[in-house]
Amino acid sequence: MAGAVPPQGAEYLIPSPEDLSDDPATTLHLVNDSMTTLAGRIGRLKSKHAHAESPRSRTRRQVTNVRVWQGPGDLLSRSVFDVTRVRGGVVDRYVGVYEHQLLPNDAEETPWLIGRRRVLIDHNIEAAGGSLSLLL
């Protein structure tokens, strides 16, 4: 993805499984990141000082049932995911739905960029090990 620059207004949202409302200003969200906060989160997770990831997780992702719609000037997608994390001999699973807004980009090698990613988890976090240190 050399040359691709994510939109500065990009959002990464994970609402609470108990309230899947769309507005992080009025409801609890487990993650409400902009490009700046997401870059910081990734930097911390990749650091050797990331205690939440010591020992490092091994993750496997399955994405199915991908649907794409043409919006006015963008693409909208919805898919089902199953993320399995193994860390320190403990297996945690996260299942739910991804929603993406894809925005057109001028770069030939990356004609679309993610402008918004919303992750709807189908169960409470405690059932999955109680931690979201990985990026869904």
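Residues numbered from 1 in each chain as written. Predicted model: local features only at pLDDT ≥ 70, side-chain atom pairs only at ≥ 80, totals over all residues. Heavy atoms only, no water.

**A short note on the packing of aromatic side chains**
Two numbers describe a pair of aromatic rings. These are the distance of the centres and the angle of the planes.
Right, on to step 1. One pass over the full model with this rule turns up one aromatic pair.
Right, on to step 2. Pairing Phe81 with Tyr98 gives two aromatic rings, centres 4.3 Å apart and planes at 25 degrees, and the pair type is stacked. Of this pair, Phe81 sits in strand E4 (residues 75-87) while Tyr98 sits in strand E5 (residues 90-104), and the two are 17 residues apart along the sequence.
Right, on to step 3. Residue classification places Tyr98 among the buried residues on the basis of a relative accessible area of 3%.
Right, on to step 4. In this structure, Arg117 is placed above the aromatic ring of Tyr98, and the distance from its NZ or CZ to the ring centre is 4.3 Å. (Phe/Tyr/Trp six-rings, centres within 6.5 Å; stacked < 30°, edge-to-face > 60°. Helix = DSSP H or I, 4+ residues; strand = E, 2+ residues; numbered from the N terminus. Buried < 20%, exposed > 50% of the residue type's maximum accessible area, 1.4 Å probe, protein only. Lys NZ or Arg CZ within 6 Å of the ring centre and 35° of its normal.)

**Considering the environment of Leu102**
Right, on to step 1. Relative to the helices and strands, Leu102 resides in strand E5.
Right, on to step 2. For the pair Leu102 and Leu113, spaced 11 residues apart in the sequence, the C-alpha separation amounts to 5.4 Å.
Right, on to step 3. Residues within four places of Leu102 in sequence aside, it is in contact with Asp74, Leu75, Trp112, Leu113 and Ile114. (Contact = heavy atoms within 4.5 Å.)

**Comments concerning the confidence of the model for the chain**
Interpretation of this model should avoid reading the predicted coordinates in detail wherever pLDDT is low.
Right, on to step 1. Summarising the model, the chain shows a mean pLDDT of 81, and 82% of its residues fall at 70 or more.
Right, on to step 2. Per-element confidence in the chain is highest for strand E3 (residues 58-70), whose mean pLDDT is 95, and lowest for helix H1 (residues 35-46), whose mean pLDDT is 78. (pLDDT = per-residue confidence, 0-100.)

**A word on the sheet that holds E4**
Right, on to step 1. Taken in spatial order, the six strands of this open sheet run E2-E1-E6-E5-E4-E3, and their pairing is mixed. The open sheet has two edge strands, strand E2 (29-34) and E3, and neither has a second partner. Each neighbouring strand pair of the sheet contributes to a mean axis angle of 15 degrees, computed without reference to strand direction.
Right, on to step 2. Against the sheet, H1 touches strand E1 (11-15) and E2, its axis set at about 110 degrees to E2. (Pairing = 2+ DSSP bridges. Axes fitted to C-alpha atoms, helices over the stretch in contact; angles between N-to-C directions.)

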